[in-house]
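# Architecture at a glance
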There are 2 protein chains.
Amino acid sequence: MKKLLLFTAALAMLFAGCCNGNKAQDATEAAINTIMNRKSVRSYTDQKLTEQQIETLLKAAMAAPSAINIQPWSFVVIDDDAVKQEIWGEGFQSKMFISAPVVIVVCGDTKTMRKPSGKPDAEPEEVDNIFWDQDCYAATENLLLAAEAMGLGAVWTAIYPTERMARVCEKLGLPANVKPLCAVPVGYPARDDQPKDKWKPEKIHRNRW
Amino acid sequence: MKKLLLFTAALAMLFAGCCNGNKAQDATEAAINTIMNRKSVRSYTDQKLTEQQIETLLKAAMAAPSAINIQPWSFVVIDDDAVKQEIWGEGFQSKMFISAPVVIVVCGDTKTMRKPSGKPDAEPEEVDNIFWDQDCYAATENLLLAAEAMGLGAVWTAIYPTERMARVCEKLGLPANVKPLCAVPVGYPARDDQPKDKWKPEKIHRNRW
């Protein structure tokens, strides 16, 4: 009896071990798989997103790297059908935006406040942030990956630097320094979209082109 | 005896269940945690990266979204100390590049080949790709996140659009259409760097600015 209880305990410990042993490896694979499985999802079910889901998407976006930590990004979350209709009511891609429960417009501030170099006591003045777009694109990719991780579908649609900018700036009432970079519809995938295989070893060079 | 074996089997199934039950949820959390835990790592141990690790980083980068699927990115993987010294031998950030086992320079082709619109039978001609940089920045973020997921440390250092571009173009022998966007040193973290908390709800707007 005692032997069998010991055997049972040992077996239990064995299973407990297999649970935790590969946890770090599982986490690595899960994150890499999310990156490899992200795809452009353009059709969505009627299911709405919760406020918590939207917040998680935006927390992921704001976790992006930012040059000199300026964090030039802002996000306009659009779930009002009238606003979606105003901006994307026409055009061949219209359905994608109208049918998405939420469209997130990633915006970037092209200016930042900085003290004139060598004048620590001077008032900060407005200067161009030459890295404004880079930070915002990294934030956009984080947003897309978070959606993939959460079982949602999204797609990166460019606004900047196209002629679509003026319309979006006007309809959303963006400040003069703020540019709309892209619009990301997010929802529950209506289809089983698959990621593209883009692996091309010929795009890798070693030490020199 | 039989009863105890059944009990043991039941216990085993119980543990197996607890292993698999939350797997999907664990995968979601693991991917989101990777995004939230990514940080700029600027000091590295002497440990080299394996070719497999470098390939995984580049596969993640090439899984980024790409406008019209042009995939304008290329990657120069630099592990030759002489090359690192040539490009980053001077300057206050020199040590970061020299000490990293690998520096990956993300490059982008500003041009693409396209048939003139309305002329399906015409030869493709070289045109500007106005989205070349967006795709490459998304690829860079994927690379940084893959490094975080693998327990490696990396940091996004901008080259484009700074005066550092000319030197990198020359030293790497980049073609005229190809611009170096950023350099990403990657290695095993020497310190326990922590991510910044950048969550700012005031950066979120609803339906209008």
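See the structure printed just above.
Below or above, wherever it landed, is the structure these notes cover.

### A few points about the packing of helix H4 (residues 81-88) of chain B against helix H7 (residues 164-172) of chain B
Angle between the axes and distance between the axes: these two values describe a pair of packed helices. Residue and element names in this part refer to chain B. At a minimum axis separation of 10 Å, H4 and H7 run at an interaxial angle of 150°. Classified by the interaxial angle, the pair formed by H4 and H7 is roughly antiparallel. In terms of crossing hand, the pair formed by H4 and H7 is right-handed. Where H4 approaches H7, its residues Val83, Glu86 and Ile87 are matched on the opposing element by Arg167, Val168, Lys171 and Leu172.

### A few points about helix H3 (residues 51-62) of chain A
In a regular helix each residue adds 1.5 Å, so 12 residues correspond to 16 Å; H3 of chain A covers 16 Å between its end C-alpha atoms and thus fits that length. Taken together, the buried positions of H3 of chain A are Gln53, Ile54, Leu57, Leu58, Ala60, Ala61 and Met62 of chain A. Lining the buried residues of H3 of chain A we find strand S1 (73-78), strand S2 (102-109), helix H6 (132-149) and strand S7 (178-187) of chain A together with helix H2 (23-37) and strand S8 (204-206) of chain B.

### Some details on H2 of chain B
For H2 of chain B, with 15 residues, the first-to-last C-alpha span of 20 Å sits near the 21 Å given by 1.5 Å per residue. Here the buried face of H2 of chain B lies against helix H2 (23-37), H3 and H6 of chain A together with helix H6 (132-149) of chain B.

### Describing empty space enclosed by the protein
Applying the stated rule across the entire model yields 3 cavities of 30 Å³ or more. A volume near 50 Å³ is recorded for the largest cavity. Around the largest cavity sit Ala31, Thr34, Ile35 and Leu145 of chain A together with Ala31, Thr34, Ile35 and Leu145 of chain B, which together line it. Every element with two or more residues in the lining of the largest cavity is listed here: H2 of chain A together with H2 of chain B. A class-by-class count of the residues in the lining of the largest cavity yields 6 nonpolar, 2 polar and no charged.

### Things to note about the interface of chain A and chain B
Residue-level contacts link 78 residues of chain A with 78 residues of chain B. The contact between chain A and chain B buries some 7000 Å² in all, and 65% of this surface belongs to carbon and sulfur atoms. Seen at the junction of chain A and chain B, the total is 4 salt bridges. Here Glu51 of chain B ties to Arg206 of chain A by a salt bridge, and the two come within 2.9 Å at their closest N and O atoms. Put simply, chain A and chain B have 38 residue pairs in polar contact (both at pLDDT 80 or more) between them. The set of elements that each furnish at least two residues to the side of chain A that touches chain B consists of helix H1 (2-21), H2, H3, S1, H6, helix H7 (164-172) and strand S8 (204-206) of chain A.

### Things to note about unusual backbone geometry
Residue and element names in this part refer to chain A. Note that the residue after Tyr160, namely Pro161, is joined by a cis bond; omega there is 0°. Of note in this structure, Ile68 is not a glycine but carries a positive phi near 55°. Classification of Ile68 as exposed rests on a relative accessible area of 62%. Located in the positive-phi region is Asn207, a residue other than glycine, with phi close to 70°.

### So, the nonpolar core
Core analysis: the biggest nonpolar cluster contains 76 residues, and Leu57 and Val186 of chain A together with Leu57 and Val186 of chain B have the highest contact counts within it. Those residues within four positions of Val186 of chain A in sequence are excluded, and the remaining contacts are Tyr44, Leu49, Leu57, Ala100, Pro101, Val102, Ile104, Leu143, Ala147, Leu152, Gly153 and Ala154 of chain A.

### A look at the environment of Trp209 of chain B
Here Trp209 of chain B shows up in the segment after S8. Trp209 of chain B sits in the partly exposed class, given a relative accessible area of 33%. Beyond its immediate sequence surroundings of up to four residues, Trp209 of chain B is in contact with Ser74, Val76, Leu172, Gly173, Leu174, Pro175 and Val178 of chain A.

### A look at the environment of Ala176 of chain A
All names here are of chain A. One can find Ala176 in the loop between H7 and S7. On the basis of relative accessible area, Ala176 is assigned to the exposed category, the value being 69%. For the pair Ala176 and Lys39, spaced 137 residues apart in the sequence, the C-alpha separation amounts to 33 Å.

Calculation rules
- Residues numbered from 1 in each chain as written.
- Chains lettered and ligands numbered in written order.
- Predicted model: local features only at pLDDT ≥ 70, side-chain atom pairs only at ≥ 80, totals over all residues.
- Heavy atoms only, no water.
- Axes fitted to C-alpha atoms, helices over the stretch in contact; angles between N-to-C directions.
- Helix = DSSP H or I, 4+ residues; strand = E, 2+ residues; numbered from the N terminus.
- Parallel < 35°, antiparallel > 145°, perpendicular 65-115°, else oblique.
- Left-handed = near helix turned anticlockwise from the far one by under 90°.
- Contact = heavy atoms within 4.5 Å.
- Expected span 1.5 Å × (residues − 1).
- Buried < 20%, exposed > 50% of the residue type's maximum accessible area, 1.4 Å probe, protein only.
- 1 Å grid on protein atoms, 1.4 Å probe; cavity = no way out; pocket = protein on both sides within 12 Å on 5 of 7 lines; lining within 4 Å.
- Points joined across faces, edges and corners; volume = space filled by probe spheres on them.
- Nonpolar A, V, L, I, M, F, W, Y, C, P; charged D, E, K, R; others polar.
- Buried area = accessible area lost by both parts, 1.4 Å probe.
- Salt bridge = Lys/Arg side-chain N within 4 Å of Asp/Glu carboxyl O.
- Polar contact = N/O pair within 3.5 Å; in protein donor to acceptor, adjacent residues only side chain to side chain.
- Core = buried A, V, L, I, M, F, W, Y, C linked by side-chain atoms within 4.5 Å.

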